[in-house]
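# Reading the structure
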Amino acid sequence: MSTDNSADITAASVAALPLSPGDWELDPLHSAVNFTIRRLGIAKVRGRFTEFETGLYIGETLHDVRVSAEIALASIDTGNSDRDAHTRFAELLDAEKRPTMTFRSTRVYGEGEDWTMEGNLAIGDVSRPVTLAVEFGGVMDHPVDQRKHAGFEATGEIRRSDFGLDFGTGLLGDVVKLHLDMQFVGPQGQDG
């Protein structure tokens, strides 16, 4: 958990909140949940989760911003169907017992393009605090639907062992690097 002193939100940082208040909808066709993990300590396996839902609520201040996500663990895709099927089994992810990974933000702070989001990540019945570095890509009026679209890139890492997923020790690394690309569509009838 960050010990940054930016918990005190100044009037300037509130005024700099770059999105208009309301519920922003996920654009799933332009969003992705990706990960990387070391295999045998020498190479990386890259993958993604294809089924996820994300919510973004922008309040009047940074204290009111809320981000939530739910990811279906059975939707894992590493580009190898046999490996994916094996990963879903009880001795690994156990997607039947632990169908989802969920995230709930607890704090967002920053300005310009550089933001930090703290929150709790739960896999099954185990929840741990995580911190994500967030790059704000900006806001643009979409030429087709005439609504505001906002883009974000978030990165961070978790340790499998923190969530009781310590299978494959020596075969798979403990650190999983997360890389999220998210695009949201602004509330109807809002500017900014």
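The notes below deal with the structure included here. Sequence order as written defines the numbering, with residues in each chain counted from 1. In keeping with the predicted nature of the model, local features appear solely for residues at pLDDT of at least 70, side-chain atom pairs appear and are counted solely at 80 or more, and the whole-chain, interface and lining totals rest on all residues. The basis for the side-chain values is all heavy atoms of the structure; hydrogens and waters are excluded.

### Structural notes on the packing of aromatic side chains
Stacked, tilted and edge-to-face are the three classes assigned to paired rings of Phe, Tyr and Trp, where Trp is represented by its six-membered ring and a pair needs centres within 6.5 Å; plane angles under 30 degrees give stacked, over 60 edge-to-face, the rest tilted. A full pass over the atoms with the stated rule returns 3 aromatic pairs. A ring pair is formed by Phe35 and Phe49, whose centres lie 5.4 Å apart and whose planes are at 40 degrees; its orientation type is tilted. One end of the pair, Phe35, is in strand S2 (residues 32-39); the other, Phe49, is in strand S3 (residues 43-49), with 14 residues separating them in the sequence. Per residue, the accessibility class of Phe35 equals that of Phe49, and both read buried. An angle of 40 degrees between the planes, with centres 5.2 Å apart, marks the rings of Phe136 and Phe152 as tilted. Placement of the pair is Phe136 in strand S9 (residues 126-141) and Phe152 in strand S10 (residues 148-159), with a sequence separation of 16 residues. Here a set of aromatic residues connected by ring pairs shows up, and it is made of Phe136, Phe152 and Phe184. Strands are runs of DSSP state E lasting at least 2 residues, helices are runs of H or I lasting at least 4, and numbering of each runs from the N terminus. Exposure is judged per residue with a 1.4 Å probe applied to protein chains only, and the accessible area is read against the type maximum: over 50% gives exposed, under 20% gives buried, and values in between give partly exposed.

### With respect to the environment of Ser31
Mapping Ser31 onto the fold places it in the loop between strand S1 (22-26) and S2. Between the alpha carbons of Ser31 and Asp181 there is a distance of 5.2 Å; along the sequence they are 150 residues apart. Two residues qualify as a contact provided that any one of their heavy atoms is within 4.5 Å of a heavy atom in the partner residue. Setting aside residues up to four positions removed in sequence, Ser31 forms contacts with Leu26, Phe52, Asp181, Met182 and Gln183. A polar atom in the side chain of Ser31 sits 2.8 Å from the backbone oxygen of Asp27. Within the structure, the side chain of Ser31 is placed 3.0 Å from the backbone nitrogen of Gln183, a separation counted as a polar contact. Identification of polar contacts relies on pairs of N or O atoms within 3.5 Å, with a donor-acceptor requirement for protein atoms, meaning one able to donate a hydrogen and the other able to accept it, and with residues adjacent in sequence counted only if both atoms are side-chain atoms.

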